[in-house]
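Chain residues, written in single-letter form:
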Amino acid sequence: MKRPKLRKASKRISCSKRYKIQKKVREHNRKLKKEAKKKGVSKRVKKDPGVPSIAPFKEEVLREAEQRRLQIEEEKEKRKQAKKEERAQKRKKEKDSASKDTDPKAKRARRDASIEGKLERESEEYTTTTDKSSKQFLCSELNKVIDASDVILEVLDARDPLGYRCPQVEEAVLQREGNKKLLFVLNKIDLVPKENVERWIQCLQREFPVVVFKASTQIQDKTVQDKKSRIATSNGVLDKSRGAACFGNGCLSELLASYADNTKSEGSLKVGLVGFPNVGKSSLLNSVKGIRACNAGVKRGMTKSMQDVHILKNVKLLDSPGIVASPSNPPASMALRSLQVEEGQESVLEAVRTLLKQCDKTQIMLQYNVPDFRNSLEFLTMFAKKRGYLQKGGVPNTEQAATAFLADWTGAKLSYHCKAAENHDLPSYLSNDVVAEMQKGWDLSKLKAGNEETLKGVKFPNQASSIGFISKGPTAGLLTVTDTAEAKPAIARMEEEEEAAEMKNEEVSKPVQVRFQAAPIDISLSTTKTDDAYDFNTDFK
């Protein structure tokens, strides 16, 4: 309480309050001491008692302690001096290297040494490690699946079925021994308008039987399913969301089971799944099996090797890695169906720029709710701001926006469609006899009824909400990859890069000389005009 006519308030309190505070402080200190005693922590620092005066040899002990202290200080000083010398040598080396840069012989020697070291490292890496993401390995695994299978299911994306066809794989299946059968599986039909899907079914059925399919993207492991079944809700409501729903698995299973019964083979029927990356091969296998038997996701190229899964008693599915796209394909096909972005051979921004050229700008603006844009970089900037992809300082992260845009196009999210060709001719490797042979042994009436039932259950997008896309035709694939075909030798490539860099530096450093051409000037008296000259004889005679 502040007393009148005084500047400061009184600090006096009642005795009961003061004693109460002191008691609380004592209890608190006692509690802290007790806890410290339990932990073995002592607050007091024990004082060095030194050497007692009555101890024998006191002088010798003190002398030894002093010598030990001096020795520790000397070692510390030596370490400090060694560090100083090391820093000086480092600075000297940097100066020497900077001075040697002007010497052309030393520069060439260092370049040759770096090339040899790089080649040795590359050869060691190639020999010691088996790169499962290399093109040779992926092609060998794909050939294994084709050789081991009795029936080949070529999985096509319903958004661009013609673009996801690989003529090289189809021709290889027809040329292999064993009377192999080839089927088309039209996956991701829920991302395409219904009329477009029906036209593509009619177009593709002229060559091979077609099965329409919608794979589930939310298949879980068996352990997760068991846990969920134990804690299931009392009303038993099932997940009927768009991602969890699966259509066409019953039709495909019945078709394969009936074909296996008709063939009456000794072992189980082996069915291989082939197709380009991220077309839905692993998701299809998981949907038919009912559990997550293979890894599947939005990222392209997750399957690296052949995997076999039993779906029925007499049917086995073989999952394969994606078909390696040939570099001779158009840029739009490579952006959607190759692994160049994942391998770092092409930037995500370049792939997005290529895709935007194949689409209508108005549909892109309506789909992503962005204003008009002049180029792909401006679109990605607005798209990054819309999604909240921002870097430090509020700068739009165009790289992340491009990755999300590309994931929409390759994953099962964005709806786009291509028009089916009305007059479609058979490829060169197909004939009417081959088409008739491929359709033998299948119950086509049951297949047609199953496709109609699948189309009734799927919820299709509206034609206006789907983006129109210009297809570039079938995509060429590679079944065998040679080292010489992939790239130039490393030495030649490095030398070319060095020569180009040197030529560029010479062009920059060379001073530009400007030469003036002398114009001939005639200053003779005969050429001078005297019309305007003043004649003094006219006035002064």
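The structure this text deals with has already been given above.
Analysis parameters
- Residues numbered from 1 in each chain as written.
- Predicted model: local features only at pLDDT ≥ 70, side-chain atom pairs only at ≥ 80, totals over all residues.
- Heavy atoms only, no water.
- Buried < 20%, exposed > 50% of the residue type's maximum accessible area, 1.4 Å probe, protein only.
- Helix = DSSP H or I, 4+ residues; strand = E, 2+ residues; numbered from the N terminus.
- Pairing = 2+ DSSP bridges.
- Patch = residues over 30% accessible without salt bridge, like charges linked within 9 Å, V, L, I, M, F, W, Y side chains within 5 Å.
- Areas by Shrake-Rupley, 256 points an atom, 1.4 Å probe, with all protein chains shown as cover.
- Salt bridge = Lys/Arg side-chain N within 4 Å of Asp/Glu carboxyl O.
- Lys, Arg positive; Asp, Glu negative; His and termini not counted.
- Charge placed at Lys NZ, Arg CZ, Asp CG, Glu CD.
- Phe/Tyr/Trp six-rings, centres within 6.5 Å; stacked < 30°, edge-to-face > 60°.
- Lys NZ or Arg CZ within 6 Å of the ring centre and 35° of its normal.

**Here's the deal with the pairing of strand β6 (residues 315-319)**
Across the 5 residues that make up β6, a large majority, 5, are buried. Of the pairings in the sheet, the one linking strand β4 (residues 269-274) to β6 comprises 5 bridges and is parallel in character. Across the sheet, lysine 270 pairs through a bridge with lysine 316, a residue of β6. Here strand β5 (residues 307-310) runs beside β6; their pairing, made up of 4 bridges, is antiparallel. When the bridges of β6 are listed, glutamine 307 appears paired with aspartate 319. Here β5 folds back onto β6, and the loop between the two strands holds 4 residues.

**Re a positive patch on the surface**
Side chains of Lys76, Arg79, Lys80, Lys83, Lys84, Arg87, Arg91 and Lys95 sit close together on the surface and give a patch of like positive charge. Relative to the assigned elements, lysine 83 resides in helix α2 (residues 58-100).

**A closer look at the packing of aromatic side chains**
Enumeration according to the criterion identifies 12 aromatic pairs in this entry. Relative to phenylalanine 379, the ring of tyrosine 368 lies with its centre 5.9 Å away and its plane at 80°, an arrangement referred to as edge-to-face. Of this pair, tyrosine 368 sits in helix α13 (residues 361-368) while phenylalanine 379 is found in helix α14 (residues 376-387), placing the two residues 11 residues apart along the sequence. Like phenylalanine 379, tyrosine 368 is buried. Ring geometry for tyrosine 368 and phenylalanine 405: centres 5.4 Å apart, planes at 45°, overall tilted. Taken together, the positions of tyrosine 368 in helix α13 and phenylalanine 405 in helix α15 (residues 398-410) put the pair 37 residues apart, joining distant regions of the chain. Tyrosine 368 sits in the buried class, given a relative accessible area of 7%. An aromatic cluster is defined as three or more aromatic residues linked by ring pairs; in this entry it consists of Tyr368, Phe373, Phe379, Phe383, Phe405, Trp409, Tyr416 and Phe469. Over the face of the ring belonging to phenylalanine 373 we find lysine 361, whose NZ or CZ atom lies 5.4 Å from the ring centre.

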